[in-house]
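Structural features, examined
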Amino acid sequence: MATGLLVTGLLTAAAQTQSHADDGTGAPIGTVARTVGDARYEPGPCPKTPEPIEELEGARCGTLTVPENRAGPRSKTIELGVAIVPAAAGTPKPDPVVWLAGGPGDDAVGEAKLVVDGGLNRDRDVILMSQRGTYSADPTALCPDIDKFNARAVGLVYDAPSTGRQHVEATKACRDQLAGRGLDLSAYNDTESAADYEDLRATLGIKQWNLYGISYGTHLALVYMRLHPEGLRSVGLDGILPPSRAGSAATWSSARQGFDGLFKACADQPACNKRYPNLSGTFDKLVSDLEAKPVTTTVTLPGNDKPVKVVLDGGALVNWMTSATHVAPQVPAALEELANGKPQRIARQWAGGKLSPAAIGRIAHGLAYGVFCSEWTPYESREQALKGGQEAFPSFPRSVQAQAPQLPFLHPDCDVWNVPPAEPSIRDVTRGDIPTLALSGSFDSQTGADNGPYVARTLSKAKVVTIPYQPHVVIATSKCAQEIAVSFFETPDSPKTACLKGLEPPAFEIAP
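An account of the accompanying structure is given in this report. Nothing here was measured: the structure is a model prediction, and the numbers come from that model. (Residues numbered from 1 in each chain as written. Predicted model: local features only at pLDDT ≥ 70, side-chain atom pairs only at ≥ 80, totals over all residues. Heavy atoms only, no water.)

What follows is about the state of the cysteines. All told, the structure shown has five disulfides when counted by the stated rule. Between the sulfur of Cys 373 and that of Cys 414 lies a disulfide, 2.1 Å long from S to S. Because the torsion about its S-S bond is -80°, the bridge between Cys 373 and Cys 414 counts as left-handed. A residue pair is termed long-range when its members are at least 10 positions apart, and Cys 373 in helix 12 (residues 365-376) and Cys 414 in helix 15 (residues 410-417) qualify at 41 residues. Given a relative accessible area of 4%, Cys 373 falls into the buried group. For Cys 414, a relative accessible area of 9% translates into the label buried. Between the sulfur of Cys 480 and that of Cys 499 lies a disulfide, 2.0 Å long from S to S. Its S-S torsion of about 75° marks the bond between Cys 480 and Cys 499 as right-handed, since a negative value means left-handed. Remark: Cys 499 occurs in the segment after helix 17 (479-490) and Cys 480 occurs in helix 17; sequence separation between them is 19 residues. We classify Cys 480 as buried; its relative accessible area is 5%. (Disulfide = S-S within 2.5 Å. Helix = DSSP H or I, 4+ residues; strand = E, 2+ residues; numbered from the N terminus. Buried < 20%, exposed > 50% of the residue type's maximum accessible area, 1.4 Å probe, protein only.)

Next up, the structure:
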């Protein structure tokens, strides 16, 4: 559900600077308290993060206070943490970049290192704000018990009805706990979040700014572009999730594209193709075989002395694969090991992501289900979701096709989440002439690369770029993607893409 951020450290930038973009009064952005309408920005300490983040040491920080539900007659207020990472340049450009995190439910403030490593603050301040409910917001909509269930579930059959019942029980317990704390769960959605960012722009006194959204952040960016276009100079979309397409069927299509991209890259390399012929067929057979007869093993994870039981069925393998494109060079060897009775590598990676301390208590499930259950499931039936799996992977068992990658048991989860559907306009395509960079990776199995051309159809100044051999969220893994993104904000009409010509496929691991 979350982006699973990868920090590569390919670029570095100083966190301190002597000069800042200002808010029109001469004061650096974020250093002046201001109230506009029902929103107020107040300078103050930097928001909390799970661990210290060096890139925030020079940041200007504060809190945005907004209504929780703008449609409510007397809504209570919520507080969103803000951190402004200063530009590395001595004289920053006046239009900052706003970073929109993924998820739904990731906290942008905790991603400051990714922003700096990606070079986005080279000559512009970068603004990070915690979306409502996320880790550094108040109140939070975290549910660590869901994360703990997901960790335990690596020892269960992934798509079994009994696992589904426990999944839904954990979701309902989360909902009851958040509602019991007084959160208005119907207010955790894209429409309110887009209004939060527009209130931030107004209270910071910024005439125009730029957006850079990753993964779900592109979904929010496209809503923001449609509802509040007036303050936007340009928009970068990385790992694109269009609201008009979002749902279970889209995750199947994305998985097909990412898997096929990786399988083709292996087939195109003589050594890989010779050692692992028909990798796609091997994968498909493994999914069917494991669904009929799951494999159980135990693994030991770093920092955890106790062996962990792991069950691999067809659904678990599909979901492992959606993340495994981040470690593409290992995939052919790992699949062959599994086919020959050695499941440990895949089991270790599958369990490691769920049991990592970074996977517990950091995702705002209240925001995630707020988006899923008001904006997605009301506009995609169970039958449509199943059809997406059947069309993308016709050979898979029906029990696998019934649980979309990344979104298992979504409809029953949303039945117990019980929030009203968003207005149908939430599914509208975004139209306009705002300069837009649509970035994708050809190995992206979470948000398929065909979403770039799709959104560009109705954005007259969109530039579509697919980075070959890269997984989800290319700014995290590709120096070329970083160069393109930085050049886009410099000249939105003509980003520099020459680096694409020199890109090489990964060197796949060739086992003896």
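There's plenty left to go through after this.
With that settled, consider the packing of aromatic side chains. Applying the stated rule across the entire model yields 15 aromatic pairs. Considering the side-chain rings of Phe 393 and Phe 396, the 4.5 Å spacing of their centres and the 10° angle between planes classify their relative orientation as stacked. By relative accessible area, which is 1% here, Phe 393 ends up buried. Owing to a relative accessible area of 3%, Phe 396 belongs among the buried residues under this scheme. When the centroid spacing of 6.1 Å and the interplanar angle of 75° are considered together, the rings of Phe 443 and Tyr 469 count as edge-to-face. (Phe/Tyr/Trp six-rings, centres within 6.5 Å; stacked < 30°, edge-to-face > 60°.)

Turning our eyes to something else, we now look at the layout of surface pockets. When its volume is computed, the second largest pocket comes out at roughly 530 Å³. Lining of the second largest pocket is provided by 36 residues; of these, Arg 245, Gly 247, Ala 249, Ala 250 and Thr 251 occupy positions nearest its centre. Looking at the lining of the second largest pocket, the element that brings in the most residues is helix 6 (residues 248-267), giving six residues. Grouping the constituent residues of the lining of the second largest pocket by class yields 14 nonpolar, 16 polar and six charged. (1 Å grid on protein atoms, 1.4 Å probe; cavity = no way out; pocket = protein on both sides within 12 Å on 5 of 7 lines; lining within 4 Å. Points joined across faces, edges and corners; volume = space filled by probe spheres on them. Nonpolar A, V, L, I, M, F, W, Y, C, P; charged D, E, K, R; others polar.)

Ranked by internal contacts, the top residues of the largest apolar core, which has 112 residues, are Trp 209, Phe 283, Leu 317, Trp 320 and Leu 335. Excluding its chain neighbours within four sequence positions, the residues that come into contact with Leu 317 are Phe 283, Leu 286, Val 287, Leu 290, Leu 335, Leu 338 and Ile 346. With 34 residues, the next largest nonpolar core counts Ile 53, Cys 61, Trp 99 and Ile 475 among its residues. (Core = buried A, V, L, I, M, F, W, Y, C linked by side-chain atoms within 4.5 Å. Contact = heavy atoms within 4.5 Å.)

Another point: the side chain of Asp 196. In this fold, Asp 196 is placed in helix 4 (residues 190-204). Note on Asp 196: relative accessible area 1%, which makes it buried. Each residue touching Asp 196, except ones within four places of it in the same chain, is listed here: Leu 64, Val 66, Arg 70, Leu 80, Met 129 and Arg 132.

As a further point, take helix 9 (residues 314-324). Burial analysis of helix 9 places 10 of its 11 residues in the buried class, the great majority of the element. Check the buried side of helix 9 and you find it contacts helix 6, helix 8 (279-292), strand 10 (304-312), helix 10 (331-339), helix 11 (344-355) and helix 14 (398-401).

Looking now at the pairing of strand 8 (residues 232-238). Within strand 8, six of the seven residues are buried, which leaves it mostly tucked inside the rest of the structure. One ladder, built from six bridges, connects strand 7 (residues 209-214) with strand 8; its direction is parallel. The residue bridging Ile 214 from the neighbouring strand is Asp 238, located in strand 8. Assessed by its sense of winding, the connection that carries the chain from strand 7 through helix 5 (residues 216-227) to strand 8 is right-handed. (Pairing = 2+ DSSP bridges. Right-handed = clockwise from strand over helix to strand, strands pointing away.)

Relative to the helices and strands, Gln 403 is located in the loop between helix 14 and helix 15. Here Gln 403 falls in the buried class, since its relative accessible area comes to 15%. A distance of 2.7 Å separates a polar side-chain atom of Gln 403 from the backbone nitrogen of Phe 409. Beyond its immediate stretch of four places on either side in the chain, Gln 403 contacts Asp 159, Trp 252, Pro 408 and Phe 409. (Polar contact = N/O pair within 3.5 Å; in protein donor to acceptor, adjacent residues only side chain to side chain.)

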